[in-house]
Amino acid sequence: AVLAGFDSKVTILCELVGPSMPTDLPERSPLHLAVILDKSGSMSGTPLEEAKRCAVQMVEKLSNTDQVSIIEYDNGVNTLVPLQPVSENKRSIIRNIQSIHSGGSTNLFGGWDAGRQQLEQQVAENVLSRILLLSDGQANVGYRDVDQILPFCQQALEQGVSTSTYGLGRNFNEDLMVEMANSGGGSTYYGQTADDLAEPFAEEFDMLNALCAKNILFAFQSDEHEVKVLN
């Protein structure tokens, strides 16, 4: 109910529902994933071990037609695995993940940007390219403010590379990690352990497998009312 003669604020929830999945779908589009692992001091101990375990679970779910890159960062950035087909390299990729040890400061943007560069090399219409950032979001080297980082996430999305964030640890920087995913066209999750994130990742993986539309634009306009998008 809205009171006549007075300005009122009304919140509207709009949901877009995709069609039922056809039974005769062709083989899904290949996934190109850049898995970015934060190995900074703030992630030392349990958070890093859980991030590594989560990354291994991600790689294990990929098929031979998918490609993956593994990047680690603290104050520096290191591409452990350049973008390559999973196929026969899955065991080697997992060993690289398991070899990661904690380091120093947190160059979060540098790690994310290295993943973007890996994926943008092979963006294609029939490929789903996504950065998966596993971190506590406590950036303290390079770009660290939300307003500095978000334009880059938006630009990457326009180039065909989306961003999802997986927050780990008790000091999770919700503001930065959530806004990166929102601006990057992906999803954001938080958990204390890899088990906490296993179901959200399975959900995202299933969504990528069942994608029926990309780059959807939804507009709500009114000549008489002010409209503000909340999320």
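See above for the structure.
Residues numbered from 1 in each chain as written. Predicted model: local features only at pLDDT ≥ 70, side-chain atom pairs only at ≥ 80, totals over all residues. Heavy atoms only, no water.

A. Region of the structure containing the state of the cysteines. Overall, the coordinates contain 0 disulfides when judged by the stated rule. The thiol of C54 is not disulfide-bonded; the next cysteine sulfur, from C153, is found 19 Å away. On the basis of relative accessible area, C153 is assigned to the buried category, the value being 0%. (Disulfide = S-S within 2.5 Å. Buried < 20%, exposed > 50% of the residue type's maximum accessible area, 1.4 Å probe, protein only.)

B. Main features of the environment of I36. Inspection of the secondary structure assignment puts I36 in strand β1 (residues 31-38). In the structure, I36 is positioned 22 residues away from C14 in sequence and 32 Å away in space, judged by C-alpha atoms. Apart from residues lying up to four places away in sequence, I36 is in contact with I71, Y73, G111, W112, G115, I131, L132, L133 and L134. (Helix = DSSP H or I, 4+ residues; strand = E, 2+ residues; numbered from the N terminus. Contact = heavy atoms within 4.5 Å.)

C. Representation of the nonpolar core in the model. If you look at the biggest cluster of nonpolar residues, it comprises 32 residues, and the most contacted ones within it are V35, M58, V68, I70, L132, L134 and Y166. For this core, the secondary structure elements donating two or more residues are β1, α1 (46-61), β2 (67-73), α2 (90-98), β4 (128-135), β5 (161-168) and α6 (194-209). The element best represented in this core is α1, accounting for 7 residues. Those residues within four positions of V35 in sequence are excluded, and the remaining contacts are A55, M58, V68, S69, I70, I71, L132 and L134. Counting 22 residues, the second largest nonpolar core, distinct from the first, contains I36, L108, L150 and M180. (Core = buried A, V, L, I, M, F, W, Y, C linked by side-chain atoms within 4.5 Å.)

D. Fine view of the sheet that holds β4. Pairing in this open sheet of 6 strands is mixed, and the strands run β3-β2-β1-β4-β5-β6 from one edge to the other. Because the sheet does not close on itself, it has two edges, and the strands there are β3 (77-85) and β6 (185-191). Each strand of the sheet is rotated relative to its neighbour by a mean of 15°, with strand direction disregarded. Where β2 lies against β3, 6 bridges are found, and the strand directions are antiparallel. Of the residues in β3, the one forming a bridge with Q67 is P85. Lying over the sheet, α2 contacts β2 and β3, oriented at roughly 165° with respect to β3. Lying over the sheet, helix α3 (residues 108-120) contacts β1, β2, β3, β4 and β5, oriented at roughly 160° with respect to β4. (Pairing = 2+ DSSP bridges. Axes fitted to C-alpha atoms, helices over the stretch in contact; angles between N-to-C directions.)

E. Molecular detail of the packing of aromatic side chains. Under the criterion given, the structure shown has 5 aromatic pairs. Between the aromatic rings of F109 and Y143, the centroid separation amounts to 4.9 Å while the plane-to-plane angle is 55°, which identifies the pairing as tilted. Placement of the pair is F109 in helix α3 and Y143 in the loop between β4 and α4 (146-158), with a sequence separation of 34 residues. Through a chain of ring-to-ring contacts, the aromatic side chains of F109, W112, Y143 and F152 assemble into a single cluster. (Phe/Tyr/Trp six-rings, centres within 6.5 Å; stacked < 30°, edge-to-face > 60°.)

F. Molecular detail of the packing of α4 against helix α5 (residues 174-183). In contact at an axis separation of 8 Å, α4 and α5 are set at 25° when each is read in the N-to-C sense. Judged by the angle between their axes, α4 and α5 are roughly parallel. The hand of the α4/α5 crossing is right-handed. Two secondary-structure elements touch here, α4 through V146, I149, L150, C153, Q154 and L157 and α5 through D175, L176, E179, M180 and S183. (Parallel < 35°, antiparallel > 145°, perpendicular 65-115°, else oblique. Left-handed = near helix turned anticlockwise from the far one by under 90°.)

G. View of the pairing of β2. Of all 7 residues making up β2, 7 are buried, and the element is well covered by its neighbours. Pairing of β1 with β2 involves 7 bridges; the strand directions are parallel. Residue pairing across strands places H32 opposite Q67, the latter belonging to β2.

H. Highlighting α5. Within α5, the full set of buried residues consists of L176, M177, M180, A181 and S183. The elements touched by buried residues of α5 are α3, β4, α4, β5 and β6. Following α5 by one or two positions, G185 adopts a phi angle in the positive range, close to 70°.

I. Up close: α2. Inspection of α2 places K90, I93, I94 and I97 among the buried residues, and these make up the whole buried set. Looking straight down α2, one finds its buried side chains confined to an arc of 100°; they lie on one side. In this structure, the buried side of α2 is in contact with α1, β2 and β3. (Arc of directions from axis to C-beta.)

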